[in-house]
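# Tertiary structure, described
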Amino acid sequence: MKTTLLNDKQIRPTEYTKWRHAHDQFARRDKDRVTVDEYKAQLLKGRPVEPITLGIDDRYHDVYVADGHHRAIAHIELGAPEFSFIWYWIRSFGVHMERDPFPYHLLSL
């Protein structure tokens, strides 16, 4: 998926109000900065990182990063063209990792 979709309108962070807040938080805390820098080094060496987990709630169809905020920030900071991901729907009856194609239409492309 295109890294440019990691923005405050299409694929949002869950733990932070905006991606800028996540970036600022990671810049302030040494442990987080080290983690982001390790992911950046791995990506620069051409080694894959664990896919970012995207969640979609079935009520509002919001798409957000459920797991992988550090990896997302590393991709954003590097200006990487794409990131790997897995995804799931959050439904009233539970969560299940999907194998179906991602519903890109929810991103208003």
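Everything numeric here is computed off the predicted structure, so don't read it as measured data.

Rules used in this analysis
Throughout, a residue's number is its position along its own chain's written sequence, starting from 1. This being a predicted model, a pLDDT of at least 70 is required before a residue's local features are given, and a value of 80 or more before pairs of side-chain atoms are given or counted; all residues contribute to the totals for chains, interfaces and linings. In computing side-chain values, all of the structure's heavy atoms are included and hydrogens and water are not. Aromatic pairs are defined between Phe, Tyr and Trp rings, using the six-membered ring for Trp, whenever the two ring centres lie within 6.5 Å; interplanar angles under 30 degrees are classed as stacked, those over 60 as edge-to-face, and all others as tilted. Think of pLDDT as the predictor's per-residue confidence, scored from 0 to 100. Only runs of H or I of at least four residues qualify as helices and only runs of E of at least two qualify as strands under DSSP, and these elements are numbered from the N terminus. The angle between two axes is taken between their N-to-C directions and runs from 0 to 180 degrees, where each axis is a line fitted to C-alpha atoms and a helix contributes only its stretch in contact. Throughout this description, any angle smaller than 35 degrees is read as roughly parallel, any larger than 145 degrees as roughly antiparallel, any in the 65 to 115 degree range as roughly perpendicular, and the remainder as oblique. In this description, contact between two residues means that some pair of their heavy atoms is separated by no more than 4.5 Å. In this classification, Asp, Glu, Lys and Arg are treated as charged, Ala, Val, Leu, Ile, Met, Phe, Trp, Tyr, Cys and Pro as nonpolar, and every other residue, Gly included, as polar. One requirement defines pairing of two strands: DSSP has to find at least two bridges between them. The length a helix should cover is 1.5 Å for every residue beyond the first. Using a 1.4 Å probe on the protein chains alone, a residue whose accessible area is under 20% of its type maximum counts as buried, one over 50% counts as exposed, and one in between counts as partly exposed. The directions considered for the arc are those from the helix axis to the C-beta atoms.

### Examining the packing of aromatic side chains
This model, assessed by the stated rule, comprises six aromatic pairs. Seen from their ring centres, Phe 102 and Tyr 104 are 5.1 Å apart, and the 70° between their planes marks the pair as edge-to-face. Aromatic rings pair up to connect Phe 83, Phe 85, Trp 87, Trp 89, Phe 102 and Tyr 104 into one cluster.

### Comments concerning the confidence of the model for the protein
When pLDDT is averaged across the protein, the result is 94; 100% of the residues are at 70 or more. The least confident element of the protein is strand β5 (residues 94–97), whose mean pLDDT is 84; the most confident is helix α3 (residues 69–78), at 97.

### What to know about the packing of helix α1 (residues 19–28) against α3
Axis separation between α1 and α3 bottoms out at 11 Å; the angle between their running directions is 95°. By the criterion of interaxial angle, the relationship of α1 to α3 is roughly perpendicular. Across the interface between the two elements, Trp 19, Ala 22, His 23 and Phe 26 of α1 pack against His 69, His 70, Ala 72, Ile 73, Ile 76 and Glu 77 of α3. Among the residues forming the contact of α1 with α3, the class breakdown is six nonpolar, three polar and one charged.

### A word on the sheet that holds strand β3 (residues 63–67)
As summarised here, the arrangement of the five strands in space is β1-β3-β2-β4-β5, forming an open sheet in which the pairing is mixed. Edge positions in the sheet fall to β1 (12–13) and β5, since each of these pairs with one other strand and no more. On top of the sheet, α3 reaches β1, β2 (52–57) and β3; it is set at about 115° to β3, its chief contact.

### Details of helix α2 (residues 30–44)
Look at α2: 21 Å from first C-alpha to last across 15 residues, which is about the 21 Å you get at 1.5 Å a residue. Of the positions making up α2, those classed as buried are Asp 32, Arg 33, Val 36 and Lys 40. The buried side chains of α2 occupy one side of the element, clustering within an arc of 100° when seen end-on. Those residues of α2 that are exposed and aimed more than 90 degrees away from the buried face are Asp 30, Lys 31 and Glu 38. Where the residues of α2 are buried, they touch α1 and α3. Gly 46 lies just past α2 and shows a positive phi near 80°.

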